[in-house]
Amino acid sequence: MSKEIFQDMDVREQIKNDLCVNMLVEAGAGSGKTTSMVNRMVSLITSGKCKVENIAAITFTRKAAQELKERFQNKLEKCYREETHTRMKNILKEALNNMEWCFIGTIHSFCASMLRERPIEGAVDPNFEEIDEVTDKQLHKQAWQQYLL
């Protein structure tokens, strides 16, 4: 174990076990954010504090969201296979069966889902679509050119 990991082990344990507060996990690439988030999400379920359908895990990129979703499911499956107590096994099975109700995605997709739930309050067309990165860059370039003119 490296010295850096040892030095922040208390923070990692707080992320995993301090389940009565919402947290923003911010750290550099490769520092263990995804592992810490997965551990926290599993702890929320196994502690009985939360059901999988009440979890929202938000990242900044689609790639990170997909990785988080896969690792979360893999961890739940591993815990389920290793669990020996019937009650806990049932809790984990229910979480696995309801994975599709858990929100794991980008900040953009989270906001879009909220706007789709309440289009009138958000004053948006309920059929709006998120733009992809290529379209976003094109719109930025177009707006800049119009500004310069």
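Residues numbered from 1 in each chain as written. Predicted model: local features only at pLDDT ≥ 70, side-chain atom pairs only at ≥ 80, totals over all residues. Heavy atoms only, no water.

Undergrad: Could you give an account of the overall build of the chain, with specific residues and numbers?
TA: The helix and strand tally for the chain stands at eight helices and two strands. Overall, the chain shows an N-to-C arrangement of helices and strands of α-α-α-β-α-α-β-α-α-α. Expected size for 149 residues packed as a compact globule is a radius of gyration near 15 Å; at 19 Å, the chain overshoots this value by more than 25%. Referenced to the eigenvectors of the C-alpha coordinate spread, the extents of the chain come out at roughly 65 × 40 × 25 Å. As displayed, the chain offers around 11100 Å² of accessible surface, 54% of which is attributable to carbon and sulfur atoms. Positive and negative side-chain charges in the chain, numbering 21 and 22 respectively, have mean positions lying 5 Å apart. (Helix = DSSP H or I, 4+ residues; strand = E, 2+ residues; numbered from the N terminus. Rg over C-alpha atoms; globule rule 2.2 N^0.38 Å. Areas by Shrake-Rupley, 256 points an atom, 1.4 Å probe, with all protein chains shown as cover. Lys, Arg positive; Asp, Glu negative; His and termini not counted. Charge placed at Lys NZ, Arg CZ, Asp CG, Glu CD.)

Undergrad: A description of unusual backbone geometry should follow, citing residues and the corresponding values.
TA: Backbone geometry follows two general trends: most residues other than glycine have a negative phi, and most peptide bonds adopt the trans configuration. The phi torsion at alanine 123 lies on the positive side, around 55°, for a residue other than glycine. Its location among the elements puts alanine 123 in the loop between α7 (119-122) and α8 (133-148).

Undergrad: Please give an account of the pattern of salt bridges that cites residues and values.
TA: The full count for this structure, using the stated rule, is four salt bridges. Ionic pairing is found between arginine 12 and aspartate 8, a salt bridge with its closest N-O pair at 2.9 Å. Residue aspartate 8 is classed as partly exposed on the basis of its relative accessible area of 26%. Between arginine 71 and glutamate 67 there is a salt bridge, with the nearest N and O atoms lying 2.8 Å from each other. (Salt bridge = Lys/Arg side-chain N within 4 Å of Asp/Glu carboxyl O. Buried < 20%, exposed > 50% of the residue type's maximum accessible area, 1.4 Å probe, protein only.)

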